[in-house]
Each structure stands twice: as C-alpha cells, then as structure tokens.
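Commentary on secondary and tertiary structure
Now for the letters of each chain:
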Amino acid sequence: MEIAPLSDWLPVQRQPLLISGPCGAETRDQVLETARLLKQHTSLCLFRAGIWKPRTRPNAFEGVGETGLEWLKEVQALGLKTTTEVANAQHTELALKHGVDVLWIGARTTVNPFSVQEIADVLKGVDIPVMIKNPIHADLQLWLGAIERVANSGVKKLAAIHRGFHVYGKTKYRNKPMWQVPIELRTHLPQLPIICDPSHISGKRELIASVAQKALDLGMDGLMIESHIHPDKALSDAQQQLTPEALGQLISQLVIRSGSVQNPFLIDKLMALRNAIDEIDEDILNTLKRRVQVIEDMGLYKKEHGIQIFQLERWQEILRTRSQLAEKLGLSRQHIEKLCQLLHEESIRIQNEVMNTKLEEGK
Ligand code: PEP
Ligand code: MN
C-alpha cells in the first residue's frame, strides 16, 4: 500500500499535530467563532466539524447538513484547512463539491464494508486526504479492510484515527483505548500516520489530558480533540468538548518526546505492554465489583428465605468447575484454586455482613 507522508498534507512541524473543532457544526457563528479562537489559542493544523452526525438514538441533533459546508468555506478563508465526516456516497460528493480539504470516515461507518466501498468508489481518481476511524469494536481486520478499500481507490494521503472501542458494561472511559489495537495496526502498516482522538475515548473532559499524553508517549502522530465555544451547550458530545482556550492550556501542558513524529517506530513496547496490563486489571476489578453486587443480592435472598450462607456442595462445585476451566485455559490449577478460596472467603464475609446489617435494621 502506498502511503504519502503526513507532511504532504498537514503542517507536521507544529507539535503536537492538532486537529480540533466542534463535534458538530451547529450555527455559522459557533463554527466561525470556534475557528477564530482556536487560531488564537492553539497552533491548529486542521479544523474539524461534523456536518452529518450519526446519532445512536433518533430524535437527537443530526447535523445541519449541506449548509454547514458553506461555513467551512468561511473557515478556510481564515487560513485554516477543514475536515468533516462522510458516511455515504452523497456526503462524499457534497464534501468534494464544497471543497472540504480532508475527509474522515467515522467509527459507525468503518464497521460497514458496503458504506466504506461506496465512499471509496466516489474517491476514485480524487486526490484528497482521508482519515479512517477505528470501528466501534476492537476488530483490527475491519479497520484494515476500510483502509485498504480507500487505498484501492488510489487515495495515498491516508491516516488512521484511534477513538477507542465500545465495551459492554461500565468503564472509566466512554470508549476503552485498548492501545494494543492501534499498536498492532502500526506493525501492519508502519508508514500509516495514527491520530488519537482523546475526546471520544474519554467521554469526559477530565480524562482528555491523560489520554492525550499517553497517545504522545506511545508515538502517535497527532491528536483530534473536540472544542466548542460553549461546551456545556453543545448539541452533541457536550461533556467531551473543551473551550479553545482550555484546549490551548491543555496542549501547552503536554510533554512531547522528541522524535515520535519523525520516527513512527518509536513505540515503547514495554509501555504498550504495561498499558495492556492496566486495562486488563481494570476489567478484573470491574468484574469483581459486579460479583460483589450479585453476592449482596444473594445474601439478602438467603436471609429472606432462611437459607444458610455456606453450602458445602455448592463450594465443591465452584472449586471443581473453576479448576477444570483453568486447566482448559492453560492456567495453573493451583493458582486458580487459591484465587477461588480468596473469592469464597470474601463472599462469605459479605453475606454475613448483609445478614447482620439487615438484622440490625430490622431491630
Ligand atoms: C465524531 O468525531 O464526532 C464522531 C462521531 O466520532 P466517532 O465516529 O469516533 O464516534
Ligand atoms: Mn463527537
């Protein structure tokens, strides 16, 4: 696959390479004022704004559509390059017609090879940079497939955007970073620039700085962070947008390791592995939390029905089935038996506590 260097289409000397702008273009004033303030407070490389917004549930703000493309022309008049999301052939034709500088394919589109192909077909013979977000779930093949479809149309100015992955259940992130996935992408396509999107990973302002720093430490080539003149009033993704001024401050506090942009191979393998362990441990703790909640419900149920807390057969069954599974998974049987013992002790302690609390409450 032929991939042009990022410096062919973005000013990479501005570090970190920053893409910003509102989640969605809402009004002409909001777009132009955000762009003006971004110019004032940051060294922006590319102005983003969603013109068509893919929303999970209906009856939410779905973007202003074609009119917004006119506002992007006015942003260009301020001396900024622009980018917007395209999700089908029609969006792509309109974005090209209105001279948007760079296109991006969103996470909900990357999952669908039909839609990606439709966009790729419109791009045949067109020299426009395209950034491809990872699919919503952690499927590297699907991400690679979308990149290949666009590349097969002759597009050489390509980049990937890492925006995290949806996982079922509660996590501290809106979309888990799973850093090992973009790192694996890099091993497949070492020349492909990867931009991190801390806004969609974090889902909330407080986490954006730490995610952005981690992305830079891992050698990612740039950041896409959403900004809005009045973040709390944003019609989409309000909690993960910053004012241009706050964004400027955040960026100035990031530590930039020299060389990461010039050398895409500079990923610290140990750091990547440690990140993977951090995420796995977080999963384990979240699962333990769910286990505790079920145990509490069980304690209550036993209390209400006069059932004893400890039942020998149940404990033996737990030990037997978990040891069998451990063996099947190639885990140390001894280690898992020890772990079961610990979990069981804690389960008894919690159920005792539930019973006593309820007794006291009943007094
Ligand atoms: C966006 O960038 O506003 C967006 C909709 O992102 P994603 O496709 O990553 O959800
Ligand atoms: Mn958004």
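Residues numbered from 1 in each chain as written. Chains lettered and ligands numbered in written order. Predicted model: local features only at pLDDT ≥ 70, side-chain atom pairs only at ≥ 80, totals over all residues. Heavy atoms only, no water.

A closer look at the overall build of the protein chain
Our working rule: A run of H or I in DSSP becomes a helix once it reaches four residues, and a run of E becomes a strand once it reaches two; helices and strands are each numbered from the N terminus. Three labels apply to residues, based on accessible area from a 1.4 Å probe with only protein chains included: buried if under 20% of the type maximum, exposed if over 50%, partly exposed otherwise in between. Note on definitions: a residue-residue contact is assigned when non-hydrogen atoms from the two residues lie within 4.5 Å. To be clear on the numbers: accessible area is Shrake-Rupley with a 1.4 Å probe, and residue cover counts the displayed protein chains and nothing else. Charge assignment: positive for Lys and Arg, negative for Asp and Glu; neither His nor the chain ends contribute. Positions of charges follow a simple convention, taking NZ of Lys, CZ of Arg, CG of Asp or CD of Glu.
If you tally the helices and strands in the protein chain, you get 13 helices and eight strands. Reported as C-alpha extents along the three principal axes, the dimensions of the protein chain are approximately 75 × 45 × 40 Å. When each of the 363 residues of the protein chain is scored for burial, the buried share is 49%. Long-range contacts, defined here as pairs at least 24 residues apart, represent 74% of the contacts in the protein chain between residues at least 6 apart. Here the protein chain displays about 18,200 Å² of accessible surface, and carbon together with sulfur accounts for 53% of that area. Between the centroid of the 44 positive side chains of the protein chain and the centroid of its 44 negative side chains there is a distance of 2 Å.

Things to note about the site of ligand 1
What counts here: Here a residue is considered near a molecule or strand provided that any single heavy atom belonging to it is located within 4 Å of it. A 3.5 Å cut-off defines polar contacts: any pair of N or O atoms within that distance qualifies, except that in protein one atom must be a possible hydrogen donor and the other a possible acceptor, and neighbouring residues in sequence count only when both atoms are side-chain atoms.
Surveying the vicinity of ligand 1 reveals the residues Cys23, Arg48, Lys53, Glu85, Trp104, Gly106, Ala107, Arg108, Lys133, Arg163, His200 and Glu226. Here an oxygen atom of ligand 1 and a side-chain polar atom of Lys53 are 2.8 Å apart. Interatomic distance of 3.2 Å between a side-chain N/O atom of Glu226 and an oxygen atom of ligand 1. Here ligand 1 loses 97% of its free accessible area of 300 Å² to cover by the protein chains.

Topic: the sheet that holds strand β1 (residues 18–21)
Put simply, the rule reads: The pairing criterion for strands is at least two bridges between them, as found by DSSP. Structural elements are reduced to axes, namely lines fitted to C-alpha atoms, with helices fitted over the stretch in contact, and the angle between N-to-C directions of any two is expressed from 0 to 180 degrees.
Pairing in this closed barrel of eight strands is parallel, and the strands run β1-β2-β3-β4-β5-β6-β7-β8 around the ring. Averaged over neighbouring strand pairs, the angle between their axes works out to 25° when direction is ignored. As paired strands, β1 and strand β8 (residues 222–226) are joined by four bridges and run parallel to one another. When the bridges of β8 are listed, Ile19 appears paired with Met224.

Comments concerning the domain arrangement of the protein chain
Spelled out, the test is: Segment limits for the domains were obtained from an automatic or database-derived domain assignment. Put simply, buried area is how much 1.4 Å-probe accessible surface two parts lose in total, over both of them, once they are put together.
Domain boundaries in the protein chain define domain 1 (6–253) and domain 2 (264–362). The C-alpha centroid of domain 2 is placed 40 Å from the C-alpha centroid of domain 1. Taken together, the contact pairs 16 residues of domain 1 with twelve residues of domain 2. Carbon and sulfur atoms make up 55% of the area that domain 1 and domain 2 hide from each other, which totals about 1,300 Å². Among the residues of domain 1 in contact with domain 2, Lys176, Ile183 and Leu218 are the three that bury the most area, contributing 34% of the side total.

What about the coordination of the manganese ion (ligand 2)?
To be explicit about the condition: Metal donors: N, O and S atoms at distances within 2.8 Å, or within 3.2 Å for Na, K and Ca, with water omitted from the atom set so that some sites may seem incomplete.
Around the manganese ion (ligand 2), the donor atoms from the protein are Cys23 (SG), His200 (NE2), Glu226 (OE) and Asp237 (OD), and they sit 2.1 to 2.4 Å away. Going along the chain, you hit the donors of the manganese ion (ligand 2) in the pattern C-x176-H-x25-E-x10-D. Of the two residues, Cys23 sits in the loop between β1 and α1 (28–41) while Glu226 sits in strand β8, which places them 203 residues apart along the sequence.

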